[in-house]
Amino acid sequence: MRTCPTLRCSHRPCGRGESVESSSHDVLLVGGGGAGLRAAIAAAEVNPKLNIAVVSKVYPMRSHTVSAEGGAAGVAKPDDSLDEHAYDTISGGDWLSDQDAVEEFVREAPLELLQLEHWGCPWNREPDGHIAVRAFGGMKKKRTWFAADKTGFHMLHTLFQTTLKYQPISRYDEWFVTRLLVEDGRIRGVVAIELMSGKIQAIFAKSVILCTGGCGRVFPFTTNANIKNGDGMALAFRAGAPLKDTEFVQYHPTGLPFTGILITEAARAEGGYMLNKDGYRYLQDYNLGKPEPKPVLRSMELGPRDRLSQAFVHEERKGRTVPTPYGPVVHLDLRHLGEKLINAKLPFVRELCQKYQNIDPVRELIPVRPVVHYMMGGVGTDIHGATPLQGLFAAGEVACVSINGANRLGSNSLAECLVFGARAGRAAAEYASRQPAANGAALAQAADEERRLKTEFLDKTGGRERIATIRTEMQASIENSAGIYREQASLAEGLHKMLELQERFKDINLDDRSHTFNTELESALELGFMLDVAQSIVTSALHRTESRGAHQRTDFPMRNDERFLAHSLVYRNFDGSGRVEYSPVKITRWPPAERVYGQQAQEPQQQAAKRVS
Amino acid sequence: MADNIVLEIARYSPESDHEPHFECYEVPVRREWVVLDALNHIKDTVDGSLTYRWSCRMGICGSCGMMVNGEPKLTCATFLSTYARNGSKVRVEPLRYFPIIRDLVTELGGFVSKLKKAKPWLIRDLEQPLSQGEYLQTPEQLDRYKQFSMCINCTLCYAACPVVGLDPIFIGPAAIALAQRYNMDSRDQGSAERTAVLAHPDGVWGCTFVGECTRVCPKHVDPAGAIQQYKIAAVLDWLKSFVTPRGRDVSNQAAND
């Protein structure tokens with residue numbers, strides 16, 4: 001019953017050099033979540049003759065898209081407009097979004113969500129059968145499509161099931177990519193380990209799309225699944241592509257203590273209150289509007305995530321949070337919504353609270369605290385998902401186009417996976433269609449990689465460091481240095497620590513030397529990836545001496561458009577250190593302005609109508 | 001509640017073992033720990049070679065199913081403290097009826113190809129262009145298949161199903177529920193195409209209706225209900241084939257009109 005990818009993938013063998021086996025495809029997806037599967041289908045539809053493969057370290061339906069809860073944004077109703085969605089996204093991102101990308105994004109998002117409907121996604125409906133939409137944080141209009149509060153789960157399964165009918169798409173399930181193959185400045189494929197057998201193989205491709213998601217596991221307290229280790233970011237970084245805007249890390253304001261399980265923003269969109277230890281709706285003290293009994297768009301609990309997480313820190317400093325064994329918390333109150341609404345719109349929230357926190361939100365307050373949720377930065381791409389490295393594309397959380405700027409709005413990321421997944425899929429397919437067949441000349445690089453994996457890990461003796469120790473120290477250090485609030489001294493200390501950990505990583509010891517499903521080797525390689533990403537986060541945060549969106553410097557509390565209306569780009573130097581450069585933000589129609597939430601924010605369109613001269 | 005608890009874990013490596021054996025590990029019992037936390041504790045601090053799958057730790061990715069004291073469970077949703085009485089041990093084994101790759105990791109390729117056999121995608125006679133908007137579907141029509149769309153592919157139902165144990169070719173509860181998820185969807189017109197697989201002897205008729213699949217399902221999908229529903233539909237379809245030319249599922253077609 002063993003599934004053999006060489007049978008399953010109808011690959012074209014292109015010879016053996018030394019000991020490394022190889023296979024070959026036209027377009028290769030690394031990652032099988034929302035962006036990867038959408039890209040695979042898009043590529044197949046551009047040119048049905050292309051040979052497309054998805055390589056993923058987990059079966060695609062295990063991908064982290066599955067955990068997304070609240071919904072996916074796309075203008076759907078007559079009272080809404082593309083310009084309003086664009087304005088909310090740009091102001092939410094504190095003007096660091098590239099506005100040309102945002103304009104394409106808001107235009108294509110509704111079409112992509114509709115396409116998913118045509119593939120069977122069980123979107124919630126109005127009584128008349130049309131798509132229903134809900135409110136979301138930072139959004140001025142209701143435009144978030146949802147499938148109860150398991151939107152990501154339904155999107156991922158719909159996409160996975162739909163890919164099964166496309167013959168040109170084959171899969172390498174549970175293969176772990178360790179390196180990109182690059183020759184003459186062009187991508188040639190990847191080297192991957194088949195987990196089941198331990199076989200190391202070169203998988204050649206004319207174009208490669210990274211869709212590996214985020215890197216939340218770099219931090220100690222995160223909503224991100226165990227598999228979110230920044231793999232694609234580090235792979236691209238090591239291959240010479242820059243990482244963009246990595247200083248912008250989103251803390252979601254409502255995670256369950258201990259587990260870090262996310263309580264979706266939809267809970268606040270449906271009318272939940274944020275309360276401090278005195279039962280007071282504290283957000284009113286932070287320039288987010290006045291408390292109303294019913295939710296008001298772009299106000300109070302429906303403010304953007306960065307501002308809500310920052311408000312928590314201030315409440316904590318004022319002694320108005322509740323201490324628990326897993327850190328201070330505030331409360332999310334859903335009791336007034338009633339059992340019927342909670343069961344209809346927020347069933348997963350109730351299930352998670354009952355199963356993992358042992359409380360029932362119908363009758364009890366939910367303890368919550370800010371939790372690392374999303375990486376705005378990533379592998380820098382253009383609006384077609386292309387990176388500066390020829391033939392290498394990226395889409396989804398691993399990428400930074402950037403539509404999210406300095407702070408992503410909730411429900412934009414699922415739509416981003418679809419829009420830019422499809423764009424990257426089409427662009428990679430077109431690129432691959434123009435390229436000659438891969439000639440396998442990169443096989444020597446693959447042999448080098450096999451040797452590296454053996455000498456540095458599997459066959460190495462005498463290592464003294466445990467994976468868990470280095471991982472825990474990395475997580476503690478980055479939280480201390482690059483948490484919700486940052487400053488020069490702690491960032492510099494954080495960078496020093498990362499360099500120390502990089503050195504100690506070389507002395508790693510594995511208990512497991514076997515070939516069959518070696519998860520310890522995988523964890524070690526993931527830790528290596530995370531150390532690179534963590535170093536990039538700290539480096540870019542150290543260099544950005546201003547405060548913007550999710551990047552708040554206590555020593556530079558103001559936004560500085562003169563110097564920093566720019567994307568950071570961290571390149572890897574030969575010695576492994578990072579070099580920071582900047583590229584300008586693309587402004588089309590919305591000049592930088594102050595971010596305003598609450599009652600003052602009622603007329604944002606006056607600003608949106610202005611044009612840059 | 002005891003301070004410590006012993007986990008008896010099935011270990012097997014094809015490179016060194018002829019057959020699985022048990023090894024014992026003592027771990028602290030913390031109130032908020034699930035069985036998966038105990039496994040992670042062992043892997044991080046005691047034995048890095050312990051091998052299992054996990055990812056989301058919130059009961060939605062479907063990776064971490066194992067036999068816990070003989071019952072198929074998601075280990076991320078099973079509190080350790082439940083078992084911590086009177087010095088009792090917790091036995092953790094790979095999911096039953098699947099080939100074992102290593103320790104607690106089972107082979108899933110066969111399961112995934114069964115899912116594909118169910119043709120789990122929307123089948124239409126005519127695709128409506130996107131420019132014409134969504135296929136309308138009322139909340140009531142959504143409710144008809146919603147439950148069957150909740151399957152997370154954790155395979156606990158296969159580990160609970162005695163028919164899967166006797167006949168590995170049996171398509172199994174999750175795949176049948178998935179077929180029924182599309183058959184019951186008012187936008188779908190593909191139930192006739194799915195009949196060939198489901199009405200096969202290794203399809204629904206393999207099921208002897210033990211109902212264990214529904215009992216162990218962590219997402220209340222009720223595969224047993226889907227199977228019974230489909231058996232009735234298949235019999236009706238067979239009868240209809242004598243009176244209508246194509247033997248189509250006429251009632252499903254009507255729902256789309």
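Residues numbered from 1 in each chain as written. Chains lettered and ligands numbered in written order. Predicted model: local features only at pLDDT ≥ 70, side-chain atom pairs only at ≥ 80, totals over all residues.

### Examining the domain arrangement of chain B
Residue and element names in this part refer to chain B.
And step 1. Here chain B is described as being made up of domain 1 (4-106) and domain 2 (109-256).
And step 2. Facing 11 residues of domain 1, the contacting portion of domain 2 comprises 12 residues.
And step 3. Here the residues of the side of domain 1 that touches domain 2 are counted per class, giving seven nonpolar, three polar and one charged. (Domains from an automatic or database assignment. Contact = placed C-beta atoms within 7 Å. Nonpolar A, V, L, I, M, F, W, Y, C, P; charged D, E, K, R; others polar.)

### Things to note about the sheet that holds strand 3 (residues 65-68) of chain B
Residue and element names in this part refer to chain B.
And step 1. An order of 2-1-5-3-4 is seen for the five strands of this open sheet, with the pairing classed as mixed. Looking at strand neighbours, the two that pair on one side only are strand 2 (21-28) and strand 4 (71-74), the edges of this open sheet. When strand polarity is set aside, the average angle formed by the axes of neighbouring strands in this sheet is 35°.
And step 2. Here strand 3 pairs with strand 5 (residues 89-93) via two bridges, running antiparallel. Opposite Val68, over in strand 5, you have Val92 as the bridge partner.
And step 3. Packing of helix 1 (residues 35-45) onto the sheet brings it into contact with strand 1 (4-11), strand 2, strand 3 and strand 5, and relative to strand 2 it is tilted by some 95°. (Pairing = 2+ DSSP bridges. Helix = DSSP H or I, 4+ residues; strand = E, 2+ residues; numbered from the N terminus. Axes fitted to C-alpha atoms, helices over the stretch in contact; angles between N-to-C directions.)

### Structural notes on helix 12 (residues 443-458) of chain A
Residues and elements named next belong to chain A.
And step 1. Its 16 residues place the ends of helix 12 21 Å apart at the C-alpha level, agreeing with the 22 Å of an ideal helix rising 1.5 Å per residue.
And step 2. Within helix 12, burial applies to Leu443, Ala446, Glu449, Glu450, Leu453 and Phe457. Projected onto a plane normal to the axis of helix 12, the buried residues spread over an arc of 110° and lie on a single side.
And step 3. Residues of helix 12 that are buried in the fold lie against strand 1 (21-30), strand 7 (175-183), strand 8 (186-194), strand 9 (200-210) and helix 15 (519-543). (Expected span 1.5 Å × (residues − 1). Buried ≥ 20, exposed ≤ 12 C-beta atoms within 10 Å, placed from the backbone. Arc of directions from axis to C-beta.)

### Things to note about the interface of chain B and chain A
Interfaces are often described in size by the accessible area the parts lose on coming together.
And step 1. Residue-level contacts link 48 residues of chain B with 50 residues of chain A.
And step 2. Among the elements of the structure, helix 1, strand 6 (100-102), helix 2 (109-117) and helix 3 (139-146) of chain B are those that each provide at least two residues to the side of chain B that touches chain A.
And step 3. Looking at which element gives the most residues to the side of chain B that touches chain A, the answer is helix 2 of chain B, with four residues.
And step 4. A breakdown of the residues in the side of chain B that touches chain A according to their chemical character gives 21 nonpolar, 15 polar and 12 charged.

### Brief notes about the sheet that holds strand 20 (residues 566-572) of chain A
All names here are of chain A.
And step 1. Pairing in this open sheet of five strands is mixed, and the strands run 17-15-10-20-21 from one edge to the other. The open sheet has two edge strands with one neighbour each: strand 17 (399-400) and strand 21 (578-584).
And step 2. Pairing geometry for strand 20 and strand 21, over seven bridges, is antiparallel. Each bridged residue has a counterpart across the sheet, and for Arg572 the counterpart in strand 21 is Gly578.
And step 3. The sheet strands contacting helix 6 (residues 231-238) are strand 10 (243-244), strand 15 (378-380) and strand 20, and the helix crosses strand 15 at an angle near 40°.

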